[in-house]
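This is what each chain is made of:
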Amino acid sequence: MLSVAFIALLIVWQWGFAVLPVAAALTASVGFIATLGRCLARLDREDGLLLLALLVFSGVWLADVSRSGVWPLPQGGDGGWLPLWPLLAAGLLVWLRGYPPSQRGWLLGLLAASLGAGLIAGYERGWVGLPRANNSMNAIPFGNLALLFGVLSLVAMLGRLGSSRCRARWLTVLLGVAACAGLAASLLSGTRGGWIALPLLSWLLYRNFRPLLPARFLWAAFGVLGGLLILAVCLPQTGVAARLLLAVDNVRGYYMAGETATSLGLRLEMWRGGLALFTDRPVTGWGEGGLEAARDALVAAGELSRGVSDYDQLHSDFIDTAARRGTLGVISLVGLYGVPLLLFSRHLRSARRAWQRTLALSGVVIVAAFIDFGLSQSLLRDPRGLAGYLGLCIICWALLKAETSPRSTVSALESP
């Protein structure tokens, strides 16, 4: 139930990213000692690799905090102790392997998250008149996560269509509606970085469902989403076309006139500064707190635009991690992304059942989406971004392992 609530409320409720994981941790800890044997008995080598990736990422980050004496300042100031969160995720993964979440709950959580995000975005843009939908949080994680929930809803819908034993057609239809709602919320948030992921995610869906579904189903699904995207671009009220044209102007102005007083101009300037700082300290980086001081020194020397000092991160998970924690940090980040991507991909290649393929593909989509999101935003330094990545990964992984276990029964997608 807590897993369902976490998915459903991650971006719908302002404190869902923190309250629900803590509640799950407290619930697990109550009977953890008594049930530890059962949980550990379910673990295998794949689980060990995933746990190792979580522990290494947290360990490197905590070591950096220890040497610098500074904890990361979460974006927006509404979360904290971020380096400890992967440790919490590791503990919850062990518990979820012994007590897997509900399969039907995964679908209902995606429905609530996607539909809720769509309704909130429509209300804020259409009724309140906000320039960007954000649900009282940073518009970037709101838009990125809404897009991810929409794509995951589409994966679930196509998976149900590809199952010969699927019942409850109303749920399949609602998942299609939720996919459109999630995409619409992302468009109304004006979050351009996430839109770059759409072609890659669409290709993943087409490639993996093409052998299972009639071509008309795939073309109908992508046709509806494509029509929604075209409509959003064509309608000036959405602001999508204006945001895209502004991005082109920002990039042109930066490279042709050195203009940095723009959204993308500042991003490009931060990336340039971050790479320069990484080059100066490639092994250990500048550390939490030290990065800001080193960046401001470059600003004072006239090597960077003054606008970059207004931000507490470098708007790229890869560049920010490299500048703060050096090569060790980059290795830990690659492991955090690469290990689950490898494991989900392995199961995707060997999947034989519709629900198994759906979960494995969902895992690949989660990791691929966050890699893309991290190219233009330090999303893992955002409390909702980090909670979303860790939570969705371990819940999806626990469901997948329960499905592939010899003890698994007929799945929710294939049940009456």
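Everything quoted here is computed from the prediction, not taken from an experiment. (Residues numbered from 1 in each chain as written. Predicted model: local features only at pLDDT ≥ 70, side-chain atom pairs only at ≥ 80, totals over all residues. Heavy atoms only, no water.)

## Description of the UniProt feature "transmembrane region" (unreviewed entry) in the chain
Phase 1 of the analysis: The positions UniProt marks with the feature "transmembrane region" (unreviewed entry) are residues 6-36, 48-68, 80-98, 105-123, 139-158, 170-197, 217-235 and 359-380.
Phase 2 of the analysis: Its end C-alpha atoms 26 Å apart, residues 105-123 is made of 100% helix and 0% strand.
Phase 3 of the analysis: Secondary structure content for residues 359-380 is 82% helix and 0% strand, while the C-alpha to C-alpha distance between its ends is 23 Å. (UniProt positions renumbered as here; feature names shortened; annotations may be inferred. Helix = DSSP H or I, 4+ residues; strand = E, 2+ residues; numbered from the N terminus.)

## A closer look at a nonpolar patch on the surface
Phase 1 of the analysis: A cluster of nonpolar side chains, namely Leu55, Trp71, Trp81, Leu84 and Leu87, defines an oily patch on the protein surface of about 480 Å² accessible area.
Phase 2 of the analysis: With relative accessibility at 34%, the residue Leu87 sits in the partly exposed group. (Patch = residues over 30% accessible without salt bridge, like charges linked within 9 Å, V, L, I, M, F, W, Y side chains within 5 Å. Areas by Shrake-Rupley, 256 points an atom, 1.4 Å probe, with all protein chains shown as cover. Salt bridge = Lys/Arg side-chain N within 4 Å of Asp/Glu carboxyl O. Buried < 20%, exposed > 50% of the residue type's maximum accessible area, 1.4 Å probe, protein only.)

## Here we look at empty space enclosed by the protein
Phase 1 of the analysis: Per the counting criterion, the structure on display carries 2 cavities of 30 Å³ or more.
Phase 2 of the analysis: Roughly 70 Å³ of internal volume is contained in the largest cavity.
Phase 3 of the analysis: What lines the largest cavity is Phe57, Trp61, Asp317, Asp320, Thr321, Arg324, Arg325, Leu333, Leu380 and Arg381.
Phase 4 of the analysis: Put simply, the parts of the chain that give the lining of the largest cavity at least two residues each are helix H4 (45-68) and helix H15 (317-350).
Phase 5 of the analysis: Ranked by residues supplied to the lining of the largest cavity, first place goes to H15 with 6 residues. (1 Å grid on protein atoms, 1.4 Å probe; cavity = no way out; pocket = protein on both sides within 12 Å on 5 of 7 lines; lining within 4 Å. Points joined across faces, edges and corners; volume = space filled by probe spheres on them.)

## Details of the side chain of Ser189
Phase 1 of the analysis: Its place among the elements puts Ser189 in helix H8 (residues 169-189).
Phase 2 of the analysis: Polar contacts involving the side chain of Ser189 include one to the main-chain carbonyl oxygen of Ser186, which spans 2.6 Å. (Polar contact = N/O pair within 3.5 Å; in protein donor to acceptor, adjacent residues only side chain to side chain.)

## Digging into the environment of Arg357
Phase 1 of the analysis: Within the fold, Arg357 resides in helix H16 (residues 354-376).
Phase 2 of the analysis: Take Arg357: its relative accessible area is 16%, and that puts it in the buried class.
Phase 3 of the analysis: Sequence separation between Arg357 and Gly159 is 198 residues, and the spatial gap between their C-alpha atoms is 7.6 Å.
Phase 4 of the analysis: Setting aside residues up to four positions removed in sequence, Arg357 forms contacts with Asn208, Leu212, Leu348 and Ala351. (Contact = heavy atoms within 4.5 Å.)

## Considerations on unusual backbone geometry
Phase 1 of the analysis: Phi is positive for Asn135, close to 55°, though the residue is something other than glycine.
Phase 2 of the analysis: Of note in this structure, Ser136 is not a glycine but carries a positive phi near 60°.

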